Amino acid sequence: AQAVEAVLDGGFDLVLMDVQMPVMDGLEATRRIRALPAPAGEIPIVGLTAHAMKEDQARCLSAGMDSYVAKPVNPPILHAAIDELLRGKGGEAPAGFPAEFGDLLKILGGDREFLRDLAGQFLADYRDTLEGMRDAIAARDGGRLEQIAHSFKSVVGIFHADEAVRLAQQLENLGSRAELAGTGEILRQLEEALEKVVTALKKI
């Protein structure tokens, strides 16, 4: 509610809108801003949320947000989203580039080298992350499983890998409740879901 008032008062170039907030959530705040007269109602809005699946992105965009960044926020990705909105930078996916990452490449202002760096970091780390979840399950450490799965969900969400995000969310939820029965099977499904993601990332 305070954000809507602040935008109406003016003086801002862009809004970073958290989705989950008390009293009025970011979706409703965005809708109210969009109902304001110009120029306040036309201010660029970037949604910030820990939920990284495509339906969550769709909810942000349908509410009137211009872009969307998953939390925990990766600063270069946030900077690229801001840069694209304020400076109009962007790019088309080059021929032979994996189509599933075309939107992400545009968000990054067409910087294929940076996307390659992101992919390389993920490929270097994801096996250790899976092993950490496997160890947490074996040790019956729900808190540790929750922590690792939460972080991994946001990381893999950068690449819009919806099935992997969904499974990581399941592991996070079960870990938070210390309900570890069946988590081994979900982890196996997560590993299978990641095979397609890894194959595509290696093509970048």
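All figures in this text were calculated on a predicted structure; none of them were measured in a lab. The written sequence of each chain sets the order in which its residues are numbered from 1. Residues qualify for local features only when their pLDDT is at least 70, as the model is predicted, and side-chain atom pairs are given and counted only at 80 or more; totals for whole chains, interfaces and linings, by contrast, use all residues. Computation of side-chain values covers all heavy atoms of the structure but excludes hydrogens and water.

> Is there a simple way to explain the overall build of the chain in this structure?
Each helix and strand in the chain was counted, giving nine helices and three strands. The way it works is that DSSP assigns letters per residue, a run of H or I at least four long becomes a helix, a run of E at least two long becomes a strand, and they are numbered from the N terminus. Scanning the chain from its N terminus toward the C terminus, one meets helices and strands in the order α-β-α-β-α-β-α-α-α-α-α-α. Judged by the C-alpha coordinates and their principal axes, the chain covers about 55 × 45 × 20 Å. Surface summary for the chain: the accessible area is close to 10500 Å², and the carbon and sulfur share equals 50%. Areas reported here follow the Shrake-Rupley algorithm with a probe of radius 1.4 Å; residue values treat only the protein chains shown as occluding.

> Help me understand the sheet that holds strand β1 (residues 15-18), please; the structure alone is not making it clear to me.
Sheet strands pair by backbone hydrogen bonding; their relative direction is either parallel or antiparallel. Spatially, three strands are ordered β1-β2-β3 in an open sheet, and the strand pairing comes out parallel. Each of the sheet's edge strands pairs with one partner strand only, and the pair in question is β1 and β3 (67-70). Across this sheet, the average inter-strand angle for adjacent strands is 30°, counted without regard to direction. Here a strand pair is declared whenever DSSP counts at least two bridges between the two strands. Examined bridge by bridge, strand β2 (residues 45-49) and β3 share four bridges and lie parallel to one another. Note that in β3 the partner of L48 across the bridge is V69. Each of β1 and β2 is contacted by helix α2 (residues 26-34), which is oriented at about 145° to β1, the strand it contacts most. Axis lines are fitted through C-alpha atoms, for helices just across the contact stretch, and the angle between N-to-C directions can take any value from 0 to 180 degrees. Contact between two residues is taken to exist if any of their heavy atoms lie within 4.5 Å; hydrogens are not considered.

> Explain helix α7 (residues 142-157) here, please?
The α-helix winds at 3.6 residues per turn, so residues separated by three or four positions along the chain end up facing the same way. Each helix should span, by expectation, one fewer than its residue count multiplied by 1.5 Å. Taking 1.5 Å per residue, 16 residues should reach 22 Å; α7 reaches 22 Å between its end C-alpha atoms and fits that length. Within α7 the residues assigned to the buried category are G142, L145, I148, A149, F152, K153, S154, V156 and G157. Buried residues along α7 sit against α6 (112-138), α8 (162-176) and α9 (183-201). Relative accessibility thresholds used throughout: buried, under 20% of the residue-type maximum; exposed, over 50%; partly exposed, between the two (1.4 Å probe, protein chains only).

> Could you clarify how one ought to interpret the nonpolar core in this entry?
A general feature of soluble globular proteins is that nonpolar side chains tend to end up buried together. Ranked by internal contacts, the top residues of the largest apolar core, which has 48 residues, are F122, M133 and L190. Counting residues per element, the ones that place at least two in this core are β2, α4 (75-87), α5 (102-107), α6, α7, α8 and α9. Top contributing element to this core by residue count: α6, with eleven residues. Sequence-distant contacts of M133, defined by excluding residues within four places in its chain, comprise L145, I148, A149, F152, L171, L187 and L190. Working definition of a nonpolar core: buried Ala, Val, Leu, Ile, Met, Phe, Trp, Tyr and Cys residues. They are joined through side-chain atoms within 4.5 Å. In this structure, L27, I33, L36 and I43 belong to the second largest nonpolar core, which totals 17 residues.

> Explain the environment of D111 here, please?
Among the structural elements, D111 can be located in the loop between α5 and α6. Spatially, the C-alpha atoms of D111 and A80 are 9.2 Å apart, while their sequence positions differ by 31 residues.

> Is there a simple way to think about the side chain of T30 in this case?
For T30, the position within the fold is in helix α2. Classification of T30 as buried rests on a relative accessible area of 0%. The residues touching T30, leaving out its near neighbours within four places in the chain, are M17, I45, A63, G64 and M65.

> Would you mind showing me how to read the packing of α6 against α9 here?
The axes of two packed helices give the description: the angle between them and the distance between them. In the contact formed by α6 and α9, the axes pass within 11 Å of each other and the chain directions differ by 175°. In terms of orientation, α6 and α9 fall into the roughly antiparallel class. Counting all contacts with α6, which are made through A119, F122, L123, Y126, L130, M133, R134 and I137, the residues of α9 involved are T183, G184, L187, L190, E191, L194, V198 and L201. A breakdown of the residues in the contact of α6 with α9 according to their chemical character gives twelve nonpolar, two polar and two charged. Roughly parallel means an angle under 35 degrees; roughly antiparallel, over 145; roughly perpendicular, 65 to 115; everything else is oblique. Three residue categories are used. Nonpolar comprises Ala, Val, Leu, Ile, Met, Phe, Trp, Tyr, Cys and Pro, charged comprises Asp, Glu, Lys and Arg, and polar comprises the others, including Gly.

> What should I look at first to understand the pairing of β2 in this one?
The side chains of a regular strand alternate, first on one face of the sheet and then on the other. Buried residues dominate β2, accounting for five of its five residues. Residues I45, G47 and T49 line one face of β2 and the alternating positions V46 and L48 line the opposite face, and both faces are buried. One ladder, built from four bridges, connects β1 with β2; its direction is parallel. Paired with V15 across the two strands is I45, which belongs to β2. Once you follow β1 into α2 and on to β2, the crossover reads as right-handed. Think of it like this: strands point away, you trace from the first strand over the helix to the second, and a clockwise trace means the crossover is right-handed.

> Help me out: how do you make sense of the side chain of S67 in this one?
Relative to the assigned elements, S67 resides in strand β3. Taking the relative accessible area as the measure of exposure, S67 reaches 9% and is therefore buried. Ignoring anything within four residues of it in the chain, the contact list for S67 reads I45, V46, G47, L61, A81 and L85.

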